[in-house]
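Each chain, letter by letter, is given below.
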Amino acid sequence: RRLVDDMRQAIARNELELHYQVQIRLPAEEAVSYEALVRWRHPERGLVPPNDFIPLAEQSGLIVKLGEWVLRTACAEAAAWPSQLPVSVNLSPLQLVAPNFVAKLKSILEITGMDPKRLELEVTESCFIADGAKAGAVLHAVKQLGVSISMDDFGAGYSSLAMLNSFPFDKIKLDRSLIEDLNSSEKSKGIVRAILSLGTALDVPVIAEGVETIEQLNYLCAEGCVLIQGYYYGRPERHLATRGLLTDDE
Ligand code: G
Ligand code: G
Ligand code: MN
Ligand code: NA
């Protein structure tokens, strides 16, 4: 596959870049954090979205190197932000079980001068499927460094209550498919409400992802959800520090 060969060189050629999507706290609507999302500025294909290359990177094992680049770059860039807000980074299951992951993370934090308290790692249920005990052990070691862990895409796939019980997540991210269905489905409203009250019961903050409309926002707000991420407030884009030097997603 040509794309896989290209991808191998993309890191060395400096073709990857991170865009950041704001996370908002209600009611003041202040920015509280940013999620890093990788893009590939391909010389011929233009800006390639992660869905077009992350799965390939996972299949080929390249995700370990790519994920390391993402972590190092997100830490280096966020360390220089004037706001000093937290940054969250998505982790692939393979990264988590790769040898020396924790040691590498520790060294990235040291080299970039990033405050571990400002770093959040997002994991999905798939991280726990192959070897749940191993994933849990690694994540506990990560938390020891002061880094926090979010449960991403909750409410999609097989994300289960058992998982929430087995690991002390610092944040739950409501999957955007649930938010999308809020408009059309009473069932989704019930599920969202239930997950929000689960968050309250466990004392874990819940953030809604993929919020695009005022109707969705008002429903979430009425149900006590104060953390919001989605196009309603902002798309992933280069951060303030570099804005103007690069073109945005659209
Ligand atoms: O940015 P976008 O919505 O197109 O991202 C699509 C998918 O790619 C999402 O599931 C997101 O979690 C994933 N993704 C984006 N950036 C990264 C990254 O740096 N590492 C990993 N593992 N996944 C990412
Ligand atoms: O799987 P993960 O939650 O990491 O995926 C986040 C992805 O969702 C980002 O790549 C981002 O581009 C996308 N996203 C963020 N907000 C919205 C939104 O409001 N609507 C849609 N359709 N996608 C969104
Ligand atoms: Mn995410
Ligand atoms: Na998600």
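Look up a bit, the structure's there.
Residues numbered from 1 in each chain as written. Chains lettered and ligands numbered in written order. Predicted model: local features only at pLDDT ≥ 70, side-chain atom pairs only at ≥ 80, totals over all residues. Heavy atoms only, no water.

A. Local environment of the layout of surface pockets. In this model, the largest pocket occupies a volume close to 1300 Å³. Ranked by the residues each element gives to the lining of the largest pocket, the list is headed by strand β2 (residues 30–42), at five residues. Looking at the lining of the largest pocket residue by residue, the classes come out as 19 nonpolar, eleven polar and 13 charged. (1 Å grid on protein atoms, 1.4 Å probe; cavity = no way out; pocket = protein on both sides within 12 Å on 5 of 7 lines; lining within 4 Å. Points joined across faces, edges and corners; volume = space filled by probe spheres on them. Helix = DSSP H or I, 4+ residues; strand = E, 2+ residues; numbered from the N terminus. Nonpolar A, V, L, I, M, F, W, Y, C, P; charged D, E, K, R; others polar.)

B. Molecular detail of the site of ligand 1. As a structural note, the neighbourhood of ligand 1 is formed by L37, V38, R39, P50, N51, I54, V70, N90 and S92. Measuring from a nitrogen atom of ligand 1, one finds a side-chain N or O atom of S92 at 2.9 Å. When ligand 1 sits alone it has 500 Å² of accessible area, and the protein chains cover 78% of it. Its atoms largely coinciding with the cavity grid, ligand 1 occupies the largest pocket. Here the shell around ligand 1 takes three residues from β2, the largest share from any one element. (Near = heavy atom within 4 Å. Polar contact = N/O pair within 3.5 Å; in protein donor to acceptor, adjacent residues only side chain to side chain. Areas by Shrake-Rupley, 256 points an atom, 1.4 Å probe, with all protein chains shown as cover. Sits in = over half its atoms within 2 Å of the grid points.)

C. Representation of unusual backbone geometry within the structure. Here the residue pair L26 and P27 is connected by a cis peptide bond, since its omega of 0° sits within 30 degrees of zero. One non-glycine residue, E29, adopts positive backbone phi at about 60°. Accessibility expressed as a relative area gives 42% for E29, which makes it partly exposed. In this structure, Q84 takes a positive phi of about 55° despite not being glycine. (Buried < 20%, exposed > 50% of the residue type's maximum accessible area, 1.4 Å probe, protein only.)

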